[in-house]
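# Reading the structure
What follows is each chain in one-letter form.
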Amino acid sequence: GKVLLAHLPGTELDRVLDGWDLPVITAQTITDAELLKKELAQVKDLGFAQNNGESEPDTLSIGAPIRDATGRVIAAMSVAGPWARMDGEIAALRFAVMEAAGVASQRLGHHSRKTVR
């Protein structure tokens with residue numbers, strides 16, 4: 001979700017978040033629209049999103065954007081699992097998800113000069 005929200009045009013993101021109740025799901029859930037916007041800006045900058053128990057307790061997920069031939073984000077790919085089993089593998093999982101999303105994007109005609117971080 002964060003990957004898709006992060007790549008909405010600013011005015012569209014504002015429209016989506018305007019009046020949107022961000023309910024508490026876990027103790028980690030971001031419930032403040034301004035904090036969420038800051039997180040989304042970081043997601044866009046880094047090229048991936050990480051969810052640390054925000055939607056499911058003790059669960060970690062990492063997502064990356066899939067782009068079409070024009071560079072527009074049209075989907076996202078992610079991996080999720082129990083925090084305890086994934087914690088030591090975050091960097092490797094992030095690389096794998098970003099690489100797989102990059103391959104999917106290339107198959108859709110997207111060509112990027114940006115390297116995976």
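Attention in this report is confined to the structure presented alongside it. Nothing here was measured: the structure is a model prediction, and the numbers come from that model. (Residues numbered from 1 in each chain as written. Predicted model: local features only at pLDDT ≥ 70, side-chain atom pairs only at ≥ 80, totals over all residues. Heavy atoms only, no water.)

Our focus in this paragraph is the overall build of the protein chain. Counting its secondary structure elements, the protein chain contains 5 helices and 3 strands. Secondary structure of the protein chain in N-to-C order comes out as α-α-α-β-β-β-α-α. On C-alpha atoms alone, the protein chain measures out to a radius of gyration of 15 Å, which is about the 13 Å that the 2.2 N^0.38 rule sets for 117 residues. Its C-alpha atoms give the protein chain principal-axis dimensions of about 40 × 40 × 15 Å. Restricting to contacts in the protein chain with at least 6 residues of sequence separation, those with at least 24 account for 51%. Accessible surface computed for the protein chain: about 7,400 Å², of which carbon and sulfur atoms make up 53%. Of the side-chain charges in the protein chain, 13 are positive and 15 negative, and the distance between the mean point of each set is 9 Å. (Helix = DSSP H or I, 4+ residues; strand = E, 2+ residues; numbered from the N terminus. Rg over C-alpha atoms; globule rule 2.2 N^0.38 Å. Contact = heavy atoms within 4.5 Å. Areas by Shrake-Rupley, 256 points an atom, 1.4 Å probe, with all protein chains shown as cover. Lys, Arg positive; Asp, Glu negative; His and termini not counted. Charge placed at Lys NZ, Arg CZ, Asp CG, Glu CD.)

All right, on to the pairing of strand β3 (residues 73-82) then. Where strand β2 (residues 59-67) lies against β3, 9 bridges are found, and the strand directions are antiparallel. The residue bridging I62 from the neighbouring strand is V79, located in β3. Once β2 ends, the chain turns through 5 residues before running back antiparallel as β3, passing G71 with a positive phi of about 95°. (Pairing = 2+ DSSP bridges.)

In this structure, V3, L5, A6, L13, L17, L22, I30, L36, L40, V43 and A49 together form the largest nonpolar core, which totals 11 residues. Only α1 (2-6), α2 (10-17) and α3 (33-46) provide two or more residues apiece to this core. The next biggest cluster of nonpolar side chains, apart from the first, holds 10 residues, and it includes F48, I66, I90 and M98. (Core = buried A, V, L, I, M, F, W, Y, C linked by side-chain atoms within 4.5 Å. Buried < 20%, exposed > 50% of the residue type's maximum accessible area, 1.4 Å probe, protein only.)

On to the environment of H7, then. Here H7 lies in the loop between α1 and α2. Its relative accessible area of 19% is what places H7 among the buried residues. Put simply, H7 and K44 are 37 residues apart on the chain and 6.6 Å apart in space, counted from C-alpha to C-alpha. Looking at H7, its side chain comes within polar contact range of the main-chain oxygen of V3, at 2.8 Å. (Polar contact = N/O pair within 3.5 Å; in protein donor to acceptor, adjacent residues only side chain to side chain.)

Attention shifts here to the packing of α2 against α3. Contact geometry of α2 with α3 gives a least axis separation of 11 Å together with a crossing angle of 145°. Like other packed secondary-structure pairs, α2 and α3 cross with a definite hand, here right-handed. For the pair α2 and α3, contact is made by L13, D14 and L17 and by A33, L36, K37 and L40, respectively. (Axes fitted to C-alpha atoms, helices over the stretch in contact; angles between N-to-C directions. Left-handed = near helix turned anticlockwise from the far one by under 90°.)

Here 3 strands make up an open sheet; going across it, the order is β1-β2-β3 and the pairing antiparallel. Two strands lie at the open edges of the sheet, namely β1 (49-52) and β3, each paired on one side alone. Within this sheet the neighbouring strands show an average axis-to-axis angle of 20°, counted without direction. Across the sheet, helix α5 (residues 90-107) lies against β1, β2 and β3, angled at about 25° from β2, the strand it touches most.

Take the pattern of salt bridges next. Per the stated rule, a full pass over the model turns up 6 salt bridges. One salt bridge connects K2 with E39, and the closest N-O pair in it is separated by 2.8 Å. Of this pair, K2 sits in helix α1 while E39 is found in helix α3, placing the two residues 37 residues apart along the sequence. Residue K2 is classed as buried on the basis of its relative accessible area, which comes to 12%. Across the pair R72 and D68 runs a salt bridge, and its minimum N-O distance is 3.5 Å. Accessibility expressed as a relative area gives 54% for R72, which makes it exposed. For D68, a relative accessible area of 14% corresponds to the buried category. Through salt bridges that share partners, K2, E39 and E54 make up one connected network. (Salt bridge = Lys/Arg side-chain N within 4 Å of Asp/Glu carboxyl O.)

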